[in-house]
Amino acid sequence: MKLGINVDHIATLRQARGGVEPDPVAAAILADQSGADSIVCHLREDRRHIQDRDLELIRKVIHSRLNMEMAATQEMIEKALLIQPEICTIVPEKREERTTESGLDVLAHSAKLKDAIETLNSSGIEVSLFIDPDLAVIKESARIGAQAVELHTGSYAETKDEASREIALDDLAGAAIAAEKMGLFVAAGHGLNYHNTMDVTTIAEIKELNIGHSVISRAAFVGLTKAVEDMRYLIDR
Ligand code: PXP
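Residues numbered from 1 in each chain as written. Predicted model: local features only at pLDDT ≥ 70, side-chain atom pairs only at ≥ 80, totals over all residues. Heavy atoms only, no water.

Asker: Explain the overall build of the protein chain to me, and be specific about the residues and the numbers.
Answerer: What the protein chain contains, in helices and strands, is ten helices and eight strands. Considered along the principal axes of its C-alpha atoms, the protein chain spans approximately 65 × 45 × 35 Å. Scored against the burial criterion, the 237 residues of the protein chain give a buried share of 46%. Residue pairs in contact within the protein chain that sit at least 24 positions apart in sequence constitute 65% of those at least 6 positions apart. Of the roughly 12300 Å² that the protein chain leaves accessible, carbon and sulfur atoms contribute 56%. (Helix = DSSP H or I, 4+ residues; strand = E, 2+ residues; numbered from the N terminus. Buried < 20%, exposed > 50% of the residue type's maximum accessible area, 1.4 Å probe, protein only. Contact = heavy atoms within 4.5 Å. Areas by Shrake-Rupley, 256 points an atom, 1.4 Å probe, with all protein chains shown as cover.)

Below you can see the structure in the form of C-alpha cells.
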C-alpha cells in the first residue's frame, strides 16, 4: 500500500508566525527520503498554508510523486498545468472550513469536473476525485473520466464506538470494491492516525493512504526531546 504524506500542516505552523520556519519544502524532502511514495500539498485559494513558492520548490526537489490537492477553479487548473504534478486531487473548498470537511459533490458539478479532468489529462496529469464512499458518486466519477478516487475517511475516523466504526469501515470497503471494479485507482485519507489506520489497510482494494495531521503531530513529539536538548546545549555552552 502506498503512503502519501501531506505537508500542509508544516506550512500552517509557519504561517502562524508569518516567518520562514518550519519550511514545508524541507518537510517534503525528509518525507520523500523516509519512504513516502508521494508528497501531497493543497494549494488553497486563500493560501492559508501552502504558498505558490512551496509547491514550485517541492516539485523540483522530491523524487517521489507530487499530488497537488486543489479546487477545480480556473486559477488552480492553470497552476497545475505550470507545476506539472503527477496527479491532481480535486477537493471541494470552502473558505470558512478548517480542513476539507466533505467529499466532492460530483453529481452536482459533473460537467465542470469533466472539463477539468480533460484539461489536466491532456497535459499528462492524472486526476483523482476526493469523494465520500457513495456508490452513485463513484459511478459518476468513473463516467466523467477520473483515473482515481480518494475515499474520504473522515466519517470513519470520527466514529466514537466500535459498532459505528465497523459500519463506517464496511462502507469504505464496499466503496473501494465498487470503485476498483469500475477501473478506478483507489486511495483514501483524512483523519487517519496511529490508532485507526491499520484497520483501513485490511481493505485490499485501497491502494494508497494520504496522511498529514497525525504524522506531523507525532513528529513534534518524537523530535521534541532532541530539540530541547539542542537548545539546552547552546545555552549551557
Ligand atoms: N486527503 C485529502 C484530500 C485531504 O484534504 C487531507 C487533509 O488535508 C488529507 C488527505 C489528510 O488528512 P489529515 O491531515 O487529516 O491526515
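Picking up where we left off.
Asker: Give me the environment of Leu82: which residues, what numbers.
Answerer: Along the chain, the position of Leu82 falls in helix H4 (residues 74–83). C-alpha separation for the pair Leu82 and Glu56, spaced 26 residues apart in sequence, amounts to 9.1 Å.

Asker: Tell me what's going on with unusual backbone geometry, and back it up with residues and numbers.
Answerer: Omega for the peptide link from Glu21 to Pro22 comes to 0°, which places this bond in the cis form. The topology assignment puts Pro22 in the loop between helix H1 (8–17) and helix H2 (24–33). Located in the positive-phi region is Arg47, a residue other than glycine, with phi close to 50°. Position of Arg47 among the secondary structure elements: in the loop between strand S2 (38–42) and helix H3 (52–61). Arg47 sits in the buried class, given a relative accessible area of 18%.

Asker: Give me the lowdown on the site of the ligand, citing residues and values where you can.
Answerer: Looking at the ligand, there are 14 residues lining it, with His9, Glu69, Glu150, Gly191 and Gly212 nearest. Within the side chain of Glu69, a nitrogen or oxygen atom sits 2.8 Å from an oxygen atom of the ligand. Contact distances for the ligand include 2.8 Å between an oxygen atom and a backbone N or O atom of Gly212. Burial of the ligand by the protein amounts to 96% of the accessible area it has alone, namely 400 Å². (Near = heavy atom within 4 Å. Polar contact = N/O pair within 3.5 Å; in protein donor to acceptor, adjacent residues only side chain to side chain.)

Asker: Talk me through the sheet that holds strand S7 (residues 185–189); I want residue IDs and the actual numbers.
Answerer: One closed barrel accounts for eight strands, arranged S1-S2-S3-S4-S5-S6-S7-S8; its pairing is parallel. Going across the sheet, the axis of each strand differs from the next one's by a mean of 25°, ignoring polarity. Sheet topology places strand S1 (residues 2–6) next to strand S8 (residues 208–211); four bridges connect them, and they run parallel. When the sheet's bridge partners are listed, Gly4 is paired in S8 with Asn210. Across the face of the sheet, H4 comes into contact with strand S3 (65–70) and strand S4 (87–90) while running at roughly 170° to S3. (Pairing = 2+ DSSP bridges. Axes fitted to C-alpha atoms, helices over the stretch in contact; angles between N-to-C directions.)

Asker: Go over the pattern of salt bridges, please, and point to the residues and values.
Answerer: Applying the stated criterion across every chain, the model contains 16 salt bridges. In this structure, the salt-bridge partner of Asp54 is Arg14, at a minimum N-O distance of 2.6 Å. Of this pair, Asp54 sits in helix H3 while Arg14 sits in helix H1, placing them 40 residues apart in sequence. Of the residues examined, Asp54 reaches a relative accessible area of 0% and is grouped as buried. Of the charged contacts, one joins Arg59 and Glu86 as a salt bridge, the two residues approaching to 3.3 Å between their closest N and O atoms. Taken together, the residues span a long stretch of sequence, with Arg59 in helix H3 and Glu86 in the loop between H4 and S4 at a distance of 27 residues. Arg59 sits in the buried class, given a relative accessible area of 19%. One salt-bridge network, held together by shared partners, links Arg47, Asp52, Glu56, Glu75 and Lys79. (Salt bridge = Lys/Arg side-chain N within 4 Å of Asp/Glu carboxyl O.)

These results come straight from atomic positions and should not be treated as a statement about function.
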